Amino acid sequence: MTYQCPLCFQPLELTGQQWRCPQNHQFDHAKEGYVNLMPVQHKRSKQPGDSTEMMMSRRAFLDAGHYQPLRDRLVTLLDEVLPQSATALLDIGCGEGYYTTAIAERLALTRAMKVYGLDVAKVAIRYAAKRYHSAAFCVASSHRLPFAEASLDAVVRIYAPCKAQELYRAVKPGGVVLTVAPGPRHLYQLKGLIYQDVQLHAELDEQLEGFERIATESLAYVMQLTGPEAFDLLQMTPFAWRTTEEVMANLKAETAFGCETDFVIRLHQRKPDDESINS
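The sections below set out a description of the structure shown in this document. Nothing here was measured: the structure is a model prediction, and the numbers come from that model.

Describing the sheet that holds strand β3 (residues 26–28)
Right, so step 1: Spatially, β1-β2-β3 is the arrangement adopted by the 3 strands of the open sheet, whose pairing is antiparallel. Across the chains shown, the open sheet's two edge strands, defined by having one partner strand only, are β1 (13–15) and β3. For this sheet the average axis-to-axis angle between neighbouring strands, irrespective of direction, equals 30°.
Right, so step 2: With 3 bridges connecting them, strand β2 (residues 18–20) and β3 associate as antiparallel partners. When the bridges of β3 are listed, Trp19 appears paired with Phe27.

Let's talk about the packing of aromatic side chains
Each aromatic ring pair is specified by the distance between its two centres and by the angle formed by the two planes.
Right, so step 1: Taken as a whole and assessed by the stated rule, the structure comprises 10 aromatic pairs.
Right, so step 2: Seen in terms of ring centroids, Tyr3 and Trp19 are 5.1 Å apart; in terms of plane orientation they differ by 80°. Their pairing is edge-to-face. Here Trp19 lies in strand β2 and Tyr3 lies in the segment before β1, a separation of 16 residues in the sequence. In this pair, the class of Tyr3 matches that of Trp19, namely buried.
Right, so step 3: Between Tyr168 and Phe211 the ring centres are 6.3 Å apart and the planes differ by 85°, which places this aromatic pair in the edge-to-face class. With Tyr168 in helix α5 (residues 164–170) and Phe211 in strand β10 (residues 211–225), this pair connects stretches of sequence that are 43 residues apart. Phe211 shares its class with Tyr168; the two are buried.

Thresholds, definitions, all that
Residues numbered from 1 in each chain as written. Predicted model: local features only at pLDDT ≥ 70, side-chain atom pairs only at ≥ 80, totals over all residues. Heavy atoms only, no water. Pairing = 2+ DSSP bridges. Helix = DSSP H or I, 4+ residues; strand = E, 2+ residues; numbered from the N terminus. Axes fitted to C-alpha atoms, helices over the stretch in contact; angles between N-to-C directions. Phe/Tyr/Trp six-rings, centres within 6.5 Å; stacked < 30°, edge-to-face > 60°. Buried < 20%, exposed > 50% of the residue type's maximum accessible area, 1.4 Å probe, protein only.

Rendered as structure tokens:
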């Protein structure tokens, strides 16, 4: 399997350091090992996605292992549900590749499988490709996946947006989409530093049109963080945009900070073609 041109939707082939389609649209293969498939006309801002600061905080926090139980559970679920014949998986909104590489390494033990990581943030993909070599990384929009119809056995979507129609187009009949969303009490104590009246996350019964939801489970535990770790956690979330400098400084100075996680994991399976999705 290969990438699909985001402009004309024909297959791309790598020749030297360039990806090229039959219409001669060209995309450079960066020295770090990724390809940027985000044409300027598809961007909604000059530098879409996470900033360098957010990405570095996320890498530091994840490297400390606080979300490893989630990563381990996702890897196990995929290994259990995917057939030995599966050949392609995409991690949408992969960030700096923490989950992507763990999935790739586990599935490669028993399958001849290609794992791709996709993110709109160029800085995150550059760091991912430079550090991890078990997956292929690309800069691209999750609303225009650069993959052919029915070419993916699985998609992983951790918080990342993607229209159900686009998932249905790219996933094979019988293929799966594994999603992670925040449960009601996710990061409750962190929110308590920012909002006077802390609201629980709404419990949304997510349904993907064209897919059957075949499993739902929750994963919740309390993290014990140092002040700098809690600061990194805050920096990698949208809450940082609403936080004052004073709150950030006080959090970073904490000696210990307990914070709940609450993840909702859902597994969806694509219906056969004769049960078509509405356009």
